[in-house]
Amino acid sequence: MLDIKYIFQGALDYIQSEYDVIDVTMNLYFNSLKPLVINGNKVVLMCESDFKRNIIYDRYMHMLLEGLRTELGTEDIDLTIVTRDEHEKQKQEVTEKKEQEEKIKKEREENPSSVVNAAYTFENFVVGSSNRVAYETSLLVCNNPAEYYNPLFLYGPSGLGKTHLLFAIINEMKTKRPDLNVVYITCEDFTNMLVESISKKADPAIFRSKFRNLDFLLIDDIQFLANKRAVQEEMFHTFEALFNSGKQIVFASDRQPSEMENIDKRLTTRFSMGGVFDIQPPDAELRQAIFKRKADAYGVDIPNDVLQFLSENIRTNIRQIEGAIKTLKAHSLIGGEDISFEMAKRVLSAYLKKAEEDSVNSEKILKYVSMRYGVKKEDITGSKRDTAIKNARHICAYLMRDMLNMTYKEIGVILDKHHTTIMDSCVKIENNVKKSENFAREIAEIKKELSV
Ligand code: ADP
Ligand code: MG
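To keep things clear, this report deals only with the structure shown in the data block. The shown structure was predicted, so the numbers you read here are calculated from the model rather than taken from an experiment. (Residues numbered from 1 in each chain as written. Chains lettered and ligands numbered in written order. Predicted model: local features only at pLDDT ≥ 70, side-chain atom pairs only at ≥ 80, totals over all residues. Heavy atoms only, no water.)

Broken down by element type, the chain carries 21 helices and eight strands. Taken against the 2.2 N^0.38 rule, which gives 22 Å for 452 residues, the C-alpha radius of gyration of the chain at 28 Å runs more than 25% over that of a compact globule. A principal-axis box enclosing the C-alpha atoms of the chain has dimensions of 85 × 60 × 55 Å. Classification of the 452 residues of the chain by burial places 44% in the buried group. For the chain, the accessible surface area stands at approximately 24100 Å², while carbon and sulfur atoms represent 50% of it. One finds the centroid of the 63 positive side-chain charges in the chain at a distance of 4 Å from the centroid of its 70 negative side-chain charges. (Helix = DSSP H or I, 4+ residues; strand = E, 2+ residues; numbered from the N terminus. Rg over C-alpha atoms; globule rule 2.2 N^0.38 Å. Buried < 20%, exposed > 50% of the residue type's maximum accessible area, 1.4 Å probe, protein only. Areas by Shrake-Rupley, 256 points an atom, 1.4 Å probe, with all protein chains shown as cover. Lys, Arg positive; Asp, Glu negative; His and termini not counted. Charge placed at Lys NZ, Arg CZ, Asp CG, Glu CD.)

Set out below in structure tokens:
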């Protein structure tokens, strides 16, 4: 990286020679500026006082800009001048924000269950044929920990109530068995805590004591264990320690154990040895019941014909149901309009369109990615290995997995690749999303555009 002081000095030299600025002025105004950021066309300079800054704005701005333009080779300079006080304040704010984040992280590590939402209970979980077994087995493990189903393994696509049930178990246990030490953690937090403990070279016994001396452990989104050897190893021993001392374990996952790839077999066999139960997308009757319950919960009055219309059209995901109700509520509050059939149809057109198009998504993904990256569809499903083609292929695989909950095998059939290749693609994109904010934004944008 070029030294920013060096670049800025170049701009100052240009100003002095082009404009014949006398030394006093040079020293008083220009040389006292300190470059903080020079990145692309973005320049941030620090000035000692607001007084001096105003003079620079009034008299010397055009010179500064011209010097920077010449030095940076771009017409379009995005220049900010901050005062020392402002800069100090900003720095302080950044430090405070970091400290706050650290504090929250620490709290979470000391008490992982602090993320549990007390509003998710068994009482407000609406039961129908697609989720009854998951609901009843969850209640059963509350009443009889480690007796019937250990571990209890719940799986199903996103947005159908797995986390809700896990939280409900904890909330129920809190009142029923306050003497027991019940802990909820996402697989991701478990992973982060382990990685941190290893990188800090902390005594492994500290991490172990956190998870192996519990009465009841719930782990959410366990599918994230894929490809993480060291975490799997730790999870295995945690499982063994708890299981062998008769403690209840509950897992939630987006797929069943036999479908989990790149996870140690001894773990997946253990996942399946208690009870494996799925949650399926709700049928029309359950959808209507959920709509009704959510409408009551949000204090919205929705006529029956609208309820029926909604439950016929919003099908896949209960999160969407909540979203639809909130949208209707917002519109009726803002517009002062009662919720009617026509209004719902108009306001929810985006939701409805999405539901309608869900079934054609793998084709849509392929078409969209091919267009966006200027790569032919046949090349994505073909065997060429140019970087652009490979990249488009990885993104297609990732989106099919992420948006459609398809298995690696199913995606493999569509993209004409072996399922392990598909898995590698998905992992690559997942990692890139984690590593690069820009890339994460790009993927989010693609998903958004595919969803409207
Ligand atoms: P998952 O963990 O399966 O992705 P969540 O548990 O986060 O899904 O559920 C998504 C949203 O839908 C939550 O707000 C949850 O309360 C709600 N929800 C899901 N299933 C039900 C249900 N049967 N009754 C009431 N709300 C539900
Ligand atoms: Mg969840």
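Anyway, onward from the coordinates.
For the rest of this paragraph, the subject is the sheet that holds strand β3 (residues 78-83). Across the sheet, three strands lie side by side as β1-β2-β3; this open sheet has mixed pairing. Of all strands in the sheet, those bounded by a partner on one side alone are β1 (34-39) and β3. Neighbour to neighbour, the strand axes of the sheet diverge by 15 degrees on average, direction disregarded. Each of β1 and β2 (42-47) touches helix α1 (residues 4-19); the most contacted strand, β1, lies at about 105 degrees to it. (Pairing = 2+ DSSP bridges. Axes fitted to C-alpha atoms, helices over the stretch in contact; angles between N-to-C directions. Contact = heavy atoms within 4.5 Å.)

The subject of this paragraph is the pattern of salt bridges. Tallying each qualifying case throughout the model produces 23 salt bridges. Residues E75 and R69 are paired through a salt bridge, measuring 4.0 Å at the closest nitrogen-oxygen approach. Here K247 ties to D215 by a salt bridge, and the two come within 3.4 Å at their closest N and O atoms. Of this pair, K247 sits in the loop between α9 (229-244) and β7 (248-253) while D215 sits in the loop between α8 (204-212) and β6 (216-220), and the two are 32 residues apart along the sequence. (Salt bridge = Lys/Arg side-chain N within 4 Å of Asp/Glu carboxyl O.)

The bulk of non-glycine residues show a negative phi, and the bulk of peptide bonds are trans. The omega torsion of the bond from N150 to P151 falls at -5 degrees, within 30 degrees of zero and hence cis. Along the chain, P151 turns up in the loop between α5 (132-143) and β4 (152-155). Here the phi dihedral of D20 falls at roughly 50 degrees; this positive angle occurs in a residue that is not glycine. Among the secondary structure elements, D20 is positioned in the loop between α1 and α2 (23-30). The phi angle at D416 is positive, at roughly 60 degrees, despite the residue not being glycine.

In this section: the side chain of S253. Within the secondary structure layout, S253 lies in strand β7. For S253, the contacting residues outside a window of four places in its chain are F153, L154, Y155, G156, K162, I222, Q223 and M260.

It is worth spelling out helix α13 (residues 318-335) at this point. Each α-helix turn comprises 3.6 residues. Residues three or four places apart therefore point the same way. The end-to-end C-alpha distance of α13, which contains 18 residues, comes to 26 Å, matching closely the 26 Å that a straight helix rising 1.5 Å per residue would cover. Among the residues of α13, I318, Q320, I321, E322, G323, A324, I325, L328 and S332 are the ones counted as buried. Phi turns positive, to about 60 degrees, at G336, one or two residues after α13. (Expected span 1.5 Å × (residues − 1).)

Of the pockets and cavities examined, the second largest pocket occupies roughly 310 Å³. For the second largest pocket, the lining is made up of 14 residues, of which E109, E196, S197, K200 and K210 are closest to its centre. Contributions of two or more residues to the lining of the second largest pocket are made by α4 (84-110), α7 (187-199) and α8. Looking at the lining of the second largest pocket element by element, the count peaks at five residues for α4. In the lining of the second largest pocket, the residues fall into four nonpolar, one polar and nine charged. (1 Å grid on protein atoms, 1.4 Å probe; cavity = no way out; pocket = protein on both sides within 12 Å on 5 of 7 lines; lining within 4 Å. Points joined across faces, edges and corners; volume = space filled by probe spheres on them. Nonpolar A, V, L, I, M, F, W, Y, C, P; charged D, E, K, R; others polar.)

Turning to the sheet that holds strand β5 (residues 182-186), a few remarks are in order. Read from one edge of the open sheet, five strands run β5-β6-β7-β4-β8, paired in parallel fashion. This sheet does not close on itself; its edge strands, each paired only once, are β5 and β8 (275-278). Adjacent strand axes in the sheet meet at a mean angle of 15 degrees when their direction is disregarded. Sitting on the sheet, α7 is in contact with β5 and β6, with an inclination near 90 degrees to β5.

Mapped onto the elements of the fold, Q248 is located in strand β7. Among the polar contacts listed, one links the side chain of Q248 to the side chain of N150, at a separation of 3.3 Å. When sequence neighbours within four positions are dropped, the list of residues in contact with Q248 reads V141, N144, P145, A146, E147, Y149, N150, P151, L152, D215, F216 and L217. (Polar contact = N/O pair within 3.5 Å; in protein donor to acceptor, adjacent residues only side chain to side chain.)

Everything listed is a geometric property; what it means functionally is a separate question.
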